[in-house]
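Overview (structure and organization)
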Amino acid sequence: MTTPRTSLAESADAGSRSVLVLDISPASPLAAARLETLRIHLTDLSATLIVERVDTPKATTSARVDLAVALGRKHAAAAVLFVEEVGDVELRVYWVEPRQGRTWMRRLPIGSDDPSATSEKAALIASAGVQELLEVGRLAMQPVETSAEPSKPPVPARPRERERLQRTPPTPRASLQVSYQGSSFAQEAPWQSGVGLQLAARVGRGVFVAAKFSFLAPVDIVTGGLAAHLVRRPAELAVGYRSPAPLALRAELGTFADYVLRSTTQAAAGHQPTADSGRVFLGASARLGLDWKFLPRLRLVGLFGADVLFNKFDYLSDSSTAPVAIHVRRLRPALSVGIVAELW
């Protein structure tokens, strides 16, 4: 009778959803960038991430697999991952399941034109394999032969090791953005510039919600013998998406309320300025641009898009010759460039 094998997904307890990454690459800017790309992709998984530096420049692959099994059992990890660089032509991604000592490997040719593209592809493949290993306990492809010892019961983590696992930094879920804001409010008005503040919260893989408030410089409009002073204070709620790559596309859709206070400072002969009046313009917004993570917790964002008004309104005078004084744009362009700081 054949005894059925119990998969990792069936037998592992809740504490085993941790992933150990062995950093075996020689110290170099390219290796550091490759590790950071891998870390970004793995932090989106629902697992605790542990990165451990291991200096094994002359070790064989079998020795590294044996080390991965030992360290994986030590940390009670569900999966161990490491990447070997073979010369300048190939990357080899290894997944190790330490409970039963099984190992899988995938070869990736190194592109000669753009090394970062190879790093990004390797990170995507590595992350997908880890996800499969966490969910079903094995990969769909055949394991490779290794010298890993047979399965042994997992060794319970010591108090100091458990404390180390608990101190693993979580994926940042909130960010603060300070940016330049520019838009065109009316045909007769010049381009308006100001400062915008945005507080965003991550709600899913790459998805976030944001609350924005802008402080735009007042604008003076002179048309048809009339002069008006406008003060705007737009507020917005938006939902957006940012892909996980260091240089990523970013898209946002939102709805806004733009409070505009109008003061008539000059009227044509025979007319009197009306009292100051405030009005709220409602509308929707769309933005598209780039998001560049140039430091671990700092990003540079540039977006361009448009605002569409729901309640179109033009400022009028009672002059029979020129009844319309200010033509408010129903569709107005908008530009934003700023710095994003990840908070926690």
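The present account deals with the structure reproduced in this document. Computed from a prediction, not measured in an experiment: that's the story for all the values here.

Cut-off values and rules
- Residues numbered from 1 in each chain as written.
- Predicted model: local features only at pLDDT ≥ 70, side-chain atom pairs only at ≥ 80, totals over all residues.
- Heavy atoms only, no water.
- Pairing = 2+ DSSP bridges.
- Helix = DSSP H or I, 4+ residues; strand = E, 2+ residues; numbered from the N terminus.
- Axes fitted to C-alpha atoms, helices over the stretch in contact; angles between N-to-C directions.
- Contact = heavy atoms within 4.5 Å.
- Phe/Tyr/Trp six-rings, centres within 6.5 Å; stacked < 30°, edge-to-face > 60°.
- Buried < 20%, exposed > 50% of the residue type's maximum accessible area, 1.4 Å probe, protein only.
- Lys NZ or Arg CZ within 6 Å of the ring centre and 35° of its normal.
- 1 Å grid on protein atoms, 1.4 Å probe; cavity = no way out; pocket = protein on both sides within 12 Å on 5 of 7 lines; lining within 4 Å.
- Points joined across faces, edges and corners; volume = space filled by probe spheres on them.
- Nonpolar A, V, L, I, M, F, W, Y, C, P; charged D, E, K, R; others polar.
- Polar contact = N/O pair within 3.5 Å; in protein donor to acceptor, adjacent residues only side chain to side chain.
- Salt bridge = Lys/Arg side-chain N within 4 Å of Asp/Glu carboxyl O.

The sheet built from five strands is open, its strands ordered 2-1-3-4-5 with mixed pairing. Pairing within the sheet leaves two strands with one partner each, and these edge strands are strand 2 (48-53) and strand 5 (102-109). With direction set aside, neighbouring strand axes in the sheet form an average angle of 20 degrees. Across the sheet, helix 3 (residues 61-74) touches strand 1 (18-23), strand 2, strand 3 (79-86), strand 4 (90-97) and strand 5, and the angle it forms with strand 3 is around 155 degrees. Strand contacts of helix 4 (residues 115-136): strand 1, strand 3, strand 4 and strand 5, with the helix running at about 15 degrees to strand 4, the strand carrying the most contacts.

With that settled, the discussion passes to the packing of aromatic side chains. The tally for this structure, following the rule as stated, stands at six aromatic pairs. Judged by centre distance (4.9 Å) and plane angle (10 degrees), the ring pair of Phe82 and Tyr94 falls under stacked. Remark: Tyr94 occurs in strand 4 and Phe82 occurs in strand 3; sequence separation between them is 12 residues. Residues Phe82 and Tyr94 agree in their burial class; the two are buried. Aromatic rings pair up to connect Phe185, Phe281, Phe313 and Tyr315 into one cluster. Directly above the ring of Phe313 sits Arg279, whose terminal nitrogen or CZ lies 3.6 Å from the centroid.

A volume near 420 Å³ is recorded for the second largest pocket. Along the wall of the second largest pocket there are 24 residues; nearest its centre are Leu226, Thr264, Thr274, Leu316 and Ser317. At the level of secondary structure, the elements contributing two or more residues to the lining of the second largest pocket comprise strand 9 (219-223), strand 10 (226-242), strand 11 (247-266), strand 12 (277-295), strand 14 (315-316) and strand 15 (324-326). The residue inventory of the lining of the second largest pocket, partitioned by class, reads 12 nonpolar, eight polar and four charged.

Phi is positive for Ala76, which is not a glycine, with a value near 55 degrees. Inspection of the secondary structure puts Ala76 in the loop between helix 3 and strand 3.

What follows deals with the environment of Glu84. By the secondary structure assignment, Glu84 is in strand 3. As a C-alpha pair, Glu84 and Ser25 span 59 residues in sequence and 7.2 Å in three-dimensional space. A distance of 3.0 Å separates a polar atom in the side chain of Glu84 from a polar atom in the side chain of Arg64.

For the structure on display, the rule yields 20 salt bridges. Its salt-bridge partner being Arg64, residue Glu84 comes within 3.0 Å of it at the nearest N-O pair. Of this pair, Glu84 sits in strand 3 while Arg64 sits in helix 3; the two residues are 20 residues apart in sequence, bridging distant segments of the chain. Notably, a salt bridge pairs Glu90 with Arg92, separated by 2.7 Å at the nearest N-O pair. With a relative accessible area of 18%, Glu90 lands in the buried category. Connected via shared salt-bridge partners are Lys212, Arg242, Arg250, Glu252, Asp291, Lys293, Arg299 and Glu342.

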